[in-house]
There are 2 protein chains.
Amino acid sequence: MEIKERQLEIIEAAGEILTESGIAGLTTKNLAVKMGFAESALYRHFKGKEEIILTMLRYLSTDMDSRLANSTKDIESPEEKLKAAFNNQFEFFKKNPHFLVAIFSDGLLEESKSINEAILQIMGTKRKHLLQIIQQGQKQKQFTDALSADELAHIIMGSFRLHMLQWRLSGFTFDLKLKGNKLMTNLLKLIQPHKSIL
Amino acid sequence: MEIKERQLEIIEAAGEILTESGIAGLTTKNLAVKMGFAESALYRHFKGKEEIILTMLRYLSTDMDSRLANSTKDIESPEEKLKAAFNNQFEFFKKNPHFLVAIFSDGLLEESKSINEAILQIMGTKRKHLLQIIQQGQKQKQFTDALSADELAHIIMGSFRLHMLQWRLSGFTFDLKLKGNKLMTNLLKLIQPHKSIL
DNA sequence: TTTAAGTTAGTGAACATTCACTACCAGTAA
DNA sequence: TTACTGGTAGTGAATGTTCACTAACTTAAA
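Now for a quick tour of the structure.

Conventions adopted
Residues numbered from 1 in each chain as written. Chains lettered and ligands numbered in written order. Predicted model: local features only at pLDDT ≥ 70, side-chain atom pairs only at ≥ 80, totals over all residues. Helix = DSSP H or I, 4+ residues; strand = E, 2+ residues; numbered from the N terminus. Buried ≥ 20, exposed ≤ 12 C-beta atoms within 10 Å, placed from the backbone. Contact = placed C-beta atoms within 7 Å. Axes fitted to C-alpha atoms, helices over the stretch in contact; angles between N-to-C directions. Parallel < 35°, antiparallel > 145°, perpendicular 65-115°, else oblique. Left-handed = near helix turned anticlockwise from the far one by under 90°. Nonpolar A, V, L, I, M, F, W, Y, C, P; charged D, E, K, R; others polar. Near = placed C-beta within 6 Å. Core = buried A, V, L, I, M, F, W, Y, C linked by C-beta atoms within 7 Å. Expected span 1.5 Å × (residues − 1).

Some thoughts on the overall build of chain A
Part 1: Assigned secondary structure in chain A consists of ten helices and one strand.
Part 2: When the helices and strands of chain A are read in sequence order from the N terminus, they spell out α-α-α-α-α-α-α-α-α-α-β.
Part 3: Projecting the C-alpha coordinates of chain A onto the three principal axes gives extents of approximately 65 × 35 × 30 Å.
Part 4: Within chain A, buried positions represent 35% of all 198 residues.
Part 5: Nonlocal contacts in chain A, meaning residues at least 24 apart in sequence, comprise 65% of its contacts between residues at least 6 apart.

Encoded structure:
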């Protein structure tokens, strides 16, 4: 699916609105104002509102897939890979906080079936990359195998989702990357292979 | 703030709608249909829609506070306390899945400032109980002190939020309690006091 | 007789979408 | 050069629908 330049501009404007005023603010009127043209002009570029949102989510998904693959491909150590992957995410969301809202917006989840699927797809993409790294780390005995890779991935993903949510709730005030790296360090401590001292 | 019987019926109906069709489905019309009376009758019991949502969230918050306090008060071991607290949560949400949607709905977050605060209050209540248990566990050397209580709480809360989200996304199909206990076991393994084997 | 809890029948505002129409540009044929 | 043709990207007005909310009335119980 090709995305034209003007379409990209529109989904970026839609993203900005999401950041500023959430899913409720994403109306055709607001979108047209932000684009500087009439509402009706939107329909020159998209079939309807749902297609705008879908295009945004699908763009985000493919973009994230290639970004994650790229950011870890030259790194050997699983531990460093994990750090690089999340740093890449932090940097992206710092630059594009609106896409964060897109992923976390439960409001979006309810809009339509295809939007729901698009969001699940994004979560799946992230999960896929995370799992690969964890499995490699377990093979190399750098991560504990007391838990399955799936279970470790769940805990890591959950922690990061909450991290992102708090950033959003704070109004994007604290340093996402700084605090995120601290979280990553903490998680790495926990998932080290270890023996109970008891 | 006293809640009358009829008001309670209304916020329960509102909760059911949230479960079935999300925040977008929670309209005065749908709510009136579910209650079996006209829209205007709602305004006999509440000032407006915002007050309905606020009442629901505040009711949930105080209820959760006392439930959490009660479910752990007779237990000594922090580990068992943690298990009991989360089991209590699971049972509650199993019985009242609609309230789950209330907490997780980012859509709600955008509605108004006071609703935002009410949701933060609920998160704060949970955090408060969790922190207490973790601090006790660290003092008694049952949990690691490689991370601060705050940091451990973050990871635990994040994991459970994701767990709940997945339950919801699955359409409430899998056994929340069973899978949740497995997650709890996993988390307890990770936060055990431990030495690196390296 | 007052009050609580309901009714019907509306309100204006906001919503996504569609309509007929236009300005502008590129290519092409006379 | 000029005139025709088609495509792209816009306009403003209007559509039907849904939204939260309100005014005025009814009924029945305390």
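From this point, the narrative continues.
Some thoughts on the packing of helix H1 (residues 5-25) of chain B against helix H2 (residues 28-35) of chain B
Residue and element names in this part refer to chain B.
Part 1: Relative to each other, H1 and H2 sit at 135°, their axes nearing to 10 Å. Here H1 lies oblique to H2, going by the angle between them. In the packing of H1 onto H2, the handedness of the crossing is right-handed. Residues Ile10, Ala13, Ala14, Glu16, Ile17 and Gly25 of H1 lie in contact with H2, whose contacting residues are Asn30, Leu31, Lys34 and Met35.
Part 2: Grouping the constituent residues of the contact of H1 with H2 by class yields six nonpolar, two polar and two charged.

What to know about the protein's contact with DNA strand D
Part 1: Surrounding DNA strand D, one finds 15 residues, the nearest of these being Phe37, Ala38 and Ser40 of chain A together with Ser40 and Gly48 of chain B.
Part 2: Residue assignment for the surface near DNA strand D shows that the elements contributing at least two residues are H2, helix H3 (39-45) and helix H4 (49-72) of chain B.
Part 3: Ranked by the residues each element gives to the surface near DNA strand D, the list is headed by H3 of chain B, at three residues.
Part 4: Looking at side-chain class alone, the surface near DNA strand D contains four nonpolar, five polar and six charged residues.

Thoughts on the nonpolar core
Part 1: Counting 93 residues, the largest nonpolar core has Ala14 of chain A together with Ala14 of chain B as its most contacted members.
Part 2: In this structure Ala14 of chain A touches Leu26, Leu31, Ile52 and Met56 of chain A, once residues within four positions along its chain are discounted.

A few points about the protein's contact with DNA strand C
Part 1: Residues in contact with DNA strand C amount to 16 residues; listed here are only the nearest, Thr27 and Gly48 of chain A together with Phe37, Ala38 and Ser40 of chain B.
Part 2: Those elements that provide at least two residues to the surface near DNA strand C are helix H2 (28-35) and helix H4 (49-72) of chain A together with H3 of chain B.
Part 3: Examining the composition of the surface near DNA strand C, we find that four residues originate from one element, H3 of chain B, more than from any other.
Part 4: Among the residues making up the surface near DNA strand C, the classes are represented as four nonpolar, five polar and seven charged.

Regarding unusual backbone geometry
All names here are of chain B.
Part 1: The backbone of Lys141 sits at a positive phi, close to 60°, despite the residue not being glycine.
Part 2: Tracing the sequence through the fold places Lys141 in the loop between helix H8 (113-139) and helix H9 (149-169).
Part 3: In this structure, Phe172 is a non-glycine residue whose phi angle is positive, near 60°.
Part 4: Along the chain, Phe172 falls in the loop between H9 and helix H10 (176-191).

Examining the environment of Ile133 of chain A
Residues and elements named next belong to chain A.
Part 1: With respect to the element layout, Ile133 can be found in helix H8 (residues 113-139).
Part 2: Along the chain, Ile133 and Ala84 lie 49 residues apart, while their C-alpha atoms are 11 Å from each other.
Part 3: Excluding residues that lie within four positions of it along the chain, Ile133 makes contacts with Thr72, Pro78, Lys81, Leu82 and Ala85.

Side note on H8 of chain A
Residue and element names in this part refer to chain A.
Part 1: When the terminal C-alpha atoms of H8 are compared, their 38 Å separation across 27 residues agrees well with the 39 Å that a helix rising 1.5 Å per residue should span.
Part 2: Along H8, the positions that sit buried rather than exposed are Ala118, Ile119, Lys126, His129, Leu130, Ile133, Ile134 and Gly137.
Part 3: Lys141 lies just past H8 and shows a positive phi near 60°.

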